[in-house]
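Coordinates in review
Letter by letter, the chains look like this.
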Amino acid sequence: ERERKKNEKMEIEVKIRQELAGSRLKQELQQPNIAHFFGAKPDDRVEKMRKEIDLKIEAFHQVYRSNSTSEEEMTQLCSQLSSEISAKTSHALEIQRLKEIREMEKKTEAAEKEVLQEELKRVKELLAAQEKKSADASKEADKWRQLYESQMIGGKQ
């Protein structure tokens, strides 16, 4: 009976180690790639979350080694740890995604502002040119009116 329980515990321990190693590998592969993919340094919050996860994994190992936990409790702890890892990973990814979206929005806003500034400058120059044309045309009209009036006044006498 003891041998069977010992074998079962060993099998569970091996299985859990494999799952944890797989989870760690996935986590390590995901976290650096997110930061380096977009040319940024890893965020302190992501590093903090990674340390928290490592502490929880270590706590899990200590609980497992104590042999005072049952198989059901261990499965529950594994399940809880897995869900926490998933939640924190998805939150970190969501934070990174939102940062990227905001950065793109800033770039788009800056580009739109630049286009509007250039359009405003062009319209101001066009307005100034039209005002100059209008002033020149008004001067020309005044000149012709004066010439006409001087001809009319000179022609009546």
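All of the points below concern the structure found in this document. What you see is a predicted model, and the numbers here were worked out from it, not measured in a lab. All residue numbers refer to position in the chain's written sequence, counted from 1. For a predicted model such as this one, the threshold for reporting local features is a pLDDT of at least 70, and the threshold for listing and counting side-chain atom pairs is 80 or more; totals across whole chains, interfaces and linings nevertheless cover every residue. Only hydrogens and water are set aside when side-chain values are computed; all heavy atoms of the structure are taken into account.

1. Concerning the overall build of the chain
Secondary structure assignment for the chain yields 3 helices and 0 strands. Secondary structure elements in the chain, listed N-terminal to C-terminal, are α-α-α. A simple rule labels every residue: compare its accessible area, found with a 1.4 Å probe on the protein chains alone, to the largest value its type can have, and call it buried under 20%, exposed over 50%, or partly exposed in between. For the chain, the residues scored as buried account for 14% of the 157 residues in total. Residue burial considers only the protein chains on display, and all accessible areas are found by Shrake-Rupley using a 1.4 Å probe. Summing over all exposed atoms, the chain offers an accessible surface of approximately 13000 Å²; the carbon and sulfur share of this is 56%. The helix count covers DSSP runs of H or I at least four residues long, the strand count covers runs of E at least two residues long, and both are numbered beginning at the N terminus.

2. Comments concerning the nonpolar core
Counting 9 residues, the largest nonpolar core consists of I16, L20, I53, I57, F60, M74, C78, L81 and I85. Top element by residues in this core is helix 3 (residues 71-156). It accounts for 4 residues. Any two residues whose heavy atoms approach within 4.5 Å at even a single point are treated as in contact. Here C78 is in contact with I16 and F60, once residues within four sequence places are set aside. Grouping buried Ala, Val, Leu, Ile, Met, Phe, Trp, Tyr and Cys residues that are joined through side-chain atoms within 4.5 Å yields what is termed a nonpolar core.

3. Description of the environment of R97
Position of R97 relative to the elements: it lies in helix 3. Residue R97 is classed as partly exposed on the basis of its relative accessible area, which comes to 38%. Only 2.5 Å separates the side chain of R97 from the side chain of E94, close enough to count as a polar contact. Under this definition, polar contacts are N or O atom pairs within 3.5 Å; protein pairs additionally need one hydrogen-donor-capable and one acceptor-capable atom, and for neighbouring residues in sequence, both atoms have to be side-chain atoms.

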